[in-house]
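Notes for the structure review
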Protein chains: 2
Amino acid sequence: MPTETVPTALQLRSLVTPEGELQVTLASVPIPVPGDDEVLVRLEGAPINPSDLGLLFGAADLGTATVAGTPARPVVTARVSEAGMKAMAGRVGQSLPVGNEGAGRVVRAGASPAAQALLGRNVAVLGGAMYAQYRTLPAAQCLPLPEGATAADGASSFVNPLTALGMVETMRREGHTALVHTAAASNLGQMLNRICLKDGIGLVNIVRRPAQVALLKSIGAAHVCDASAPTFVQDLTDALAATGATLAFDATGGGPLAGQILGCMEAALNRTAGAYSRYGSTTHKQVYLYGRLDTRVTEVDVNFGMAWGIGGWLLFPFLEKIGPDAVARLKQRVADELKTTFASRYAREVSLAEMLQPGMIEVYARRATGEKFLLNPARDLTPPAGF
Amino acid sequence: MPTETVPTALQLRSLVTPEGELQVTLASVPIPVPGDDEVLVRLEGAPINPSDLGLLFGAADLGTATVAGTPARPVVTARVSEAGMKAMAGRVGQSLPVGNEGAGRVVRAGASPAAQALLGRNVAVLGGAMYAQYRTLPAAQCLPLPEGATAADGASSFVNPLTALGMVETMRREGHTALVHTAAASNLGQMLNRICLKDGIGLVNIVRRPAQVALLKSIGAAHVCDASAPTFVQDLTDALAATGATLAFDATGGGPLAGQILGCMEAALNRTAGAYSRYGSTTHKQVYLYGRLDTRVTEVDVNFGMAWGIGGWLLFPFLEKIGPDAVARLKQRVADELKTTFASRYAREVSLAEMLQPGMIEVYARRATGEKFLLNPARDLTPPAGF
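Our subject in this report is the structure included herewith. All values derive from a computational prediction rather than experimental measurement. (Residues numbered from 1 in each chain as written. Chains lettered and ligands numbered in written order. Predicted model: local features only at pLDDT ≥ 70, side-chain atom pairs only at ≥ 80, totals over all residues. Heavy atoms only, no water.)

**Digging into the relation of the copies chain B and chain A**
- Expressed as a screw transformation, the operator carrying chain B onto chain A has a rotation angle of 180° and an axial translation of 0.0 Å, and the superposed copies differ by an RMSD of 0.0 Å. A rotation of that kind, with that shift, is consistent with a two-fold axis.
- Both copies contact each other with a shared surface, as 100% of the interface residues of chain B are interface residues in chain A too. (Least-squares fit on C-alpha atoms with pLDDT ≥ 70 in both. Contact = heavy atoms within 4.5 Å.)

**A short note on the sheet that holds strand β4 (residues 60-69) of chain B**
Residues and elements named next belong to chain B.
- Read across the sheet, five strands follow the order β4-β5-β2-β1-β6 without closing on themselves; strand pairing throughout is antiparallel. The sheet is open, and its two edges are formed by β4 and β6 (96-97), each paired on a single side.
- Of the strand pairs in this sheet, strand β2 (residues 21-30) and strand β5 (residues 74-80) are connected by four bridges, and their pairing is antiparallel. Along β5, the bridge assignment pairs V24 with V76.
- Across the face of the sheet, helix α1 (residues 50-57) comes into contact with β1 (8-16), β2, β4 and β6 while running at roughly 100° to β2. (Pairing = 2+ DSSP bridges. Helix = DSSP H or I, 4+ residues; strand = E, 2+ residues; numbered from the N terminus. Axes fitted to C-alpha atoms, helices over the stretch in contact; angles between N-to-C directions.)

**Observations regarding the packing of aromatic side chains**
Residue and element names in this part refer to chain A.
- One pass over the full model with this rule turns up twelve aromatic pairs over all chains.
- With centroids separated by 6.3 Å and ring planes inclined at 15°, the aromatic side chains of F57 and Y364 adopt a geometry described as stacked. Placement of F57 in helix α1 (residues 50-57) and of Y364 in helix α12 (residues 358-365) is noted, with a sequence separation of 307 residues between them. A single burial state applies to F57 and to Y364, both of which are buried.
- Look at F304 and W308: their rings are 5.2 Å apart centre to centre, the planes differ by 80°, and that puts the pair in the edge-to-face class. Side by side, F304 and W308 carry an identical accessibility label, which is buried.
- Put simply, the rings of F249, Y288, W313 and F318 pair up and form one aromatic cluster. (Phe/Tyr/Trp six-rings, centres within 6.5 Å; stacked < 30°, edge-to-face > 60°. Buried < 20%, exposed > 50% of the residue type's maximum accessible area, 1.4 Å probe, protein only.)

**Side note on the interface of chain B and chain A**
- If you look at the interface, chain B gives 30 residues, while chain A gives 30 residues.
- Of the roughly 2,500 Å² buried between chain B and chain A, counting both surfaces, carbon and sulfur atoms make up 64%.
- At the junction of chain B and chain A, the tally comes to zero salt bridges.
- At the junction of chain B with chain A, the criterion picks out five residue pairs in polar contact (both at pLDDT 80 or more).
- Mapped by element, the contributors of at least two residues to the side of chain B that touches chain A are α1, α2 (82-88), β16 (298-300) and β17 (308-312) of chain B.
- Among the elements that line the side of chain B that touches chain A, the one with the most residues is β17(B), at five residues. (Buried area = accessible area lost by both parts, 1.4 Å probe. Salt bridge = Lys/Arg side-chain N within 4 Å of Asp/Glu carboxyl O. Polar contact = N/O pair within 3.5 Å; in protein donor to acceptor, adjacent residues only side chain to side chain.)

**A look at α1(A)**
- Of all eight residues that make up α1(A), six are buried, and the element is covered over most of its length.
- Of the residues making up α1(A), those classed as buried are S51(A), D52(A), L53(A), G54(A), L56(A) and F57(A).

Remember, this is a structural readout, not a statement about activity or role.
Structure below.
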């Protein structure tokens with residue numbers, strides 16, 4: 001009797017060695033067998049988001065990246081600087097899977113009715129290790145896609161939609177009535193615009209180029225401020241006065257922008273202030289940094305009184321804080337409006353092997369607006385027999 | 001019948017003119033007559049705190065200060081830069097009284113029993129305009145000093161004691177268990193040390209000079225880190241690991257210190273971290289900026305994950321937030337421990353006229369530790385007859 005071979009499939013891995021080298025490879029891993037309450041998903045779409053790039057390439061200097069291996073099994077290596085290695089201390093020597101979210105078809109299911117009900121369905125999934133051909137997950141963790149929705153339609157069902165909804169939810173819970181968003185022409189920014197238009201929420205969009213102003217205006221944005229314009233501070237103050245926004249979500253994180261936003265909020269509030277107070281307006285002004293597109297030091301020229309805060313904002317702790325009922329409500333809205341409010345567009349679809357080619361890395365690692373990539377691991381290999 | 005003259009007394013005023021000049025003068029103002037529920041306090045002590053200097057001198061460049069007038073009625077003038085005038089916009093043309101708090105004797109009282117009960121007592125008072133010889137206030141706003149306590153003993157009964165208690169209260173309300181304090185050898189810092197020693201709270205003191213380390217050690221401080229030492233980052237991380245402090249109150253406000261504290265908190269937390277998370281520790285780390293001893297731009301090198309915040313902290317909004325019952329509890333503790341935990345020391349006592357002499361301004365405007373001045377407006381003039 002021949003020995004049965006365990007079927008394997010590709011999974012992307014990122015490793016930082018103690019010697020200061022990043023290695024990104026495609027590992028052959030056994031295709032897991034789902035437990036009773038689990039399903040096996042064949043992934044057909046996974047976005048390459050800024051939040052994935054951090055784990056994928058760590059603190060490596062991509063200018064030093066080289067690609068070896070074979071076209072089907074590329075091996076990317078790059079140097080990590082000494083300073084970068086300090087930030088990497090927690091992950092050195094661990095071969096880490098990557099990919100926060102994705103979508104695909106349920107090709108095997110455990111015995112439970114919930115798992116069986118998903119067999120053959122397209123589902124969106126969240127939970128890491130999605131840059132792979134297969135992934136098992138608890139059935140309860142799958143979001144079944146509406147009839148007719150492809151894996152590409154559902155690939156970005158969680159991170160961007162829940163982040164955009166989380167911003168609006170944070171606004172309401174913390175007593176603000178309108179929002180500011182930076183890098184606002186992004187996929188996420190466009191979603192946030194559609195949410196705010198639909199819900200009647202004032203939104204001030206900050207972008208860095210005139211073309212992005214045009215893009216946002218074309219989808220109905222009322223307030224778009226170009227940080228590269230000489231009138232930026234005046235424009236932003238006007239938009240803040242018009243909307244009353246006292247909460248901002250900043251994707252750039254570095255440089256002077258967060259402080260400028262707080263300064264303009266204070267100036268907008270002072271247009272209607274009463275008596276002089278040397279402590280400034282008593283209205284709390286808040287900027288959350290949720291990304292790091294600008295890697296410079298964050299410089300805050302504190303000239304906006306004492307009622308202010310700057311802090312980090314991260315989706316998963318936020319979801320934990322608001323609890324399962326609130327999260328279920330947000331997820332239901334995503335499912336209901338998947339092809340409208342929460343539609344994503346991709347510049348290009350690539351296979352696992354293709355995404356590790358140098359010409360590709362350069363493009364998506366730039367994190368440039370309008371150049372989001374969709375990974376489709378189903379393009380790499382014929383699926384093993386039986387699925 | 002002769003016309004009755006209204007008795008007048010001195011009150012310090014600060015004015016910024018539209019032409020960009022600061023003028024600090026001693027005005028003659030009528031001595032107010034207390035209403036039924038009010039008392040008239042003859043002020044005999046008022047601290048010159050950093051929080052007073054902001055209103056007193058505004059954004060003026062004290063390097064340009066000149067003193068004219070007479071020895072008894074000096075007139076200080078100084079230039080306000082164009083940039084400074086932007087911050088002063090709200091107060092231009094308004095002659096503002098100064099002085100957050102003080103203490104003195106109740107020399108007249110309204111008809112109500114509460115007011116009458118204070119007649120002849122030494123009381124501590126809060127509410128602005130204390131750099132004056134007299135002040136009327138609601139009886140309910142006075143804190144009667146314990147038997148034997150002088151006005152000098154009670155002059156700093158509010159701002160520093162309530163700020164120090166407010167830090168501990170904030171720590172408890174926001175779920176932290178230990179504290180960091182900067183410019184920690186200050187009068188306020190010494191109070192905070194006494195509170196924390198008495199209440200068994202871990203406190204990490206950050207100072208800028210070896211002499212301040214010695215001072216704090218001499219009053220029993222367990223953790224004192226000298227920011228001027230080459231081992232500062234290591235020392236601070238060790239102290240944070242030992243105490244578990246994840247909340248800091250920073251009096252300096254500018255430069256890199258707030259960010260360094262957050263970075264060291266994260267490093268201390270990571271000494272006991274479990275699995276790698278590229279988003280850093282999930283423990284919230286907070287720095288409140290409550291002062292501005294360092295006027296540089298605040299520079300934050302965000303290398304401490306996503307669970308962090310920096311914000312302004314101000315005593316009066318904090319007291320409003322916690323409500324009158326909690327405030328009454330804090331005030332009672334101040335009264336009970338006025339000559340122990342909350343004792344203040346002053347380098348020098350000056351009259352209103354003396355505090356406007358150039359040699360004096362230079363010293364107290366430096367905001368240097370150990371050089372706090374006590375203003376005693378009773379030194380300026382013989383009190384009008386009848387008191």
